[in-house]
Amino acid sequence: MPHPLSRTIPPIEELIKQHAEYMTRLPESERNDSFALTTRLNMMALRRIIENAVGGTCSRIDKIYEGGFNQIFNVSFQSDTKDIIARINMPFGGGSVVPDNQRRNRVSSEAATLHWLREHTTIPVPEVFAFDENFNNEVGAAYIIEERILGCPLSDVWSDPMLTFEDRKKIVLQLADSQAQLISTSFPMIGSIFMNKETKEYEIGPLAPPVRIEPPRLRKGPWKTARDEMKSWIEDHMEELRRDPHAVLSWRRGEDVDFSPSTISAYHTLYLGILTLIENVKLIDRCDDSWCPFALSHPDLTKKNVLVDYSDPTRVVALIDWEGANVGPWWKRELDLAFIREEETQPCSPTGELEWGQLCDVWNTVLQRGYPPGLSTLNAKIDWFISRLSLLVELGSAAWSSLEDTAETIASWRSDWPEPDPAFKQIDEFLTLHGLSPSVEYE
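Residue positions within a chain follow its written sequence, with the count starting from 1. It should be noted that, the model being predicted, local features are given only for residues of pLDDT at least 70 and side-chain atom pairs only at 80 or more, the latter also being counted only at that level, while totals for whole chains, interfaces and linings use all residues. As a rule here, side-chain values come from all non-hydrogen atoms in the structure, and water together with hydrogens is ignored.

## Description of the overall build of the protein chain
No. 1: Every helix listed is a DSSP run of H or I at least four residues long, and every strand listed is a run of E at least two residues long, numbered separately from the N terminus. When its secondary structure is counted, the protein chain shows 13 helices and 12 strands.
No. 2: Any residue under 20% of the maximum accessible area for its type is buried, any over 50% is exposed, and the rest in between are partly exposed; the area is computed with a 1.4 Å probe on protein chains only. Per-residue burial over the protein chain gives 50% buried out of 443 residues.
No. 3: Put simply, of all contacts in the protein chain between residues at least 6 apart along the chain, 67% involve residues at least 24 apart.
No. 4: Note on areas: Shrake-Rupley, 1.4 Å probe, and residue coverage restricted to the protein chains presented here. For the protein chain, the accessible surface area stands at approximately 21,200 Å², while carbon and sulfur atoms represent 51% of it. Contacts are residue-level and defined by heavy atoms, with any inter-residue pair within 4.5 Å sufficient.

As structure tokens, then:
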């Protein structure tokens, strides 16, 4: 019996119409940017590349979607037996112009990551047939030619009351299995996956730009240790303050937060204390990657990036949008799915007897199978402290609401740090200056 939410695959003409309607809702500047990119594409060159990579004769290429970073073109063939899309990278993706080298890294790393996943896991991802990270090529833009997965976003069905608890459980089990496979991956360095064009071997290179907008980083790795990466973050922040303190102040003024000139000097003092802490704190040594390796993670595992079968929405057919995927320490991995904890939709069954907590239990049970041995025995309190330290390191001065709030945040976990450590001395002096004196001992 067909699932109540079963539906047919929408024809290309309908997708073209939906996209045209979507474009009318965009601001005029965004429509103009999009039109300019589309019209300068060499479609004959794109068609030739697709036919060489995939085989067969291409009959038409139609734009069917545009997201934050890519324009999506459906490719039809005379044989009508192939499902292919061309993803054209947009230079203005994400609301800002991305530097050229980062755009190239974003495309080449995503293509390499998809290749790696298909070779080393059973996680459902599209097959890549060809890509070119150079935006001054014969097509006129960087691109990835890949398999078109015939599925609808999970977001289209997840909130529908006809999706039963058992349906949701099936979906969560599949997603948990994919997440467990990611957790169990092991890489020697922190960064993003690339493929060496000469040797065809995979290697870890600099971090590819994330899907979210964040300040540009001067140092993008790769790094051999988590300590090296954290140190790099702090050095970036310090350089930002040295290079253009007025830009930081202007941003803070726009956000209506503390922007007094003395704040810049105080942040220099704070960053020096954090840098000393990162270079010397002992707890990081207990999280050595020899027993808790660096793992790959999906950068944006949300309902819109999970595709399910049109005819059976309980079957996950693909995880998409791996732009900005990276390899990193375990405490930076987002292990949970936010949408299985959505309180606004509780309970998750029409009769009300089943709660979201039961789905969380299903998720956690499967997820633990992927934990490396060291992680399963790690004290949860150490996990929390290291993750808080990592968050403190990554936040720039422009992101903090005020220096006083920052000091209070540091003091809240500093006073409970699980072991004495002289590496905190400068941080403690900073806290004392702000009227916060944690009762601690040094070895």
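## Digging into the pairing of strand S10 (residues 306–309)
No. 1: In this structure, strand S6 (residues 151–153) lies alongside S10, joined through three bridges in antiparallel fashion. Paired with Gly151 across the two strands is Asp309, which belongs to S10.
No. 2: Connecting the antiparallel pair S10 and strand S11 (residues 316–319) is a turn made up of six residues. The pairing criterion is simple: DSSP has to find at least two bridges between the two strands.

## Considerations on the nonpolar core
No. 1: One finds Leu154, Trp158, Leu175, Ile274, Leu296, Trp322 and Leu389 to be the most contacted residues of the largest nonpolar core, which totals 87 residues.
No. 2: A per-element tally of this core places helix H8 (residues 261–280) first, with nine residues.
No. 3: Side-chain atoms within 4.5 Å link the members of a nonpolar core, which is a set of buried Ala, Val, Leu, Ile, Met, Phe, Trp, Tyr and Cys residues. Ile50, Phe73, Ile84 and Met90 belong to the second-largest nonpolar core, a separate cluster that totals 21 residues.

## Description of the environment of Leu389
No. 1: Relative to the elements of secondary structure, Leu389 occurs in helix H11 (residues 380–394).
No. 2: The exposure class assigned to Leu389 is buried, which follows from its relative accessible area of 0%.
No. 3: Separated by 159 residues in the primary sequence, Leu389 and Met230 have C-alpha atoms spaced 9.1 Å apart.
No. 4: For Leu389, the residues in contact, after removing those within four places along its chain, are Met230, Leu277, Ile278, Val281, Ile284, Trp413 and Trp417.

## Some points on the sheet that holds S11
Strands belonging to one sheet form pairs held by backbone hydrogen bonds; the direction of such a pair is parallel or antiparallel.
No. 1: The three strands are arranged S6-S10-S11 in an open sheet whose pairing can be described as antiparallel. The two strands at the open ends of the sheet, each matched to only one other strand, are S6 and S11. Between one strand axis and the next, the sheet turns by 35° as a mean value, whatever way the strands run.
No. 2: To obtain an axis, a line is fitted to C-alpha atoms, over the contacting stretch when the element is a helix, and the angle between two such axes runs from 0 to 180 degrees between their N-to-C directions. Each of S10 and S11 is contacted by helix H5 (residues 165–183), which is oriented at about 35° to S11, the strand it contacts most.

## Description of the sheet that holds strand S5 (residues 143–147)
No. 1: Strand order in the open sheet made by the five strands is S1-S2-S3-S5-S4, with antiparallel pairing throughout. Edge positions in the sheet fall to strand S1 (58–66) and strand S4 (128–132), since each has one partner strand and no second. If you compare each strand with its neighbour and ignore which way they point, the axes differ by 20° on average.
No. 2: Pairing analysis gives seven bridges linking S1 to strand S2 (residues 70–77), with the strands arranged antiparallel. Residue pairing in the sheet places Asp62 in a bridge with Asn74 of S2.
No. 3: Each of S1 and S2 is contacted by helix H1 (residues 12–24), which is oriented at about 40° to S1, the strand it contacts most.
No. 4: This element, helix H3 (residues 43–54), spans S1, S2, strand S3 (84–89), S4 and S5 of the sheet and lies at about 105° to S1.

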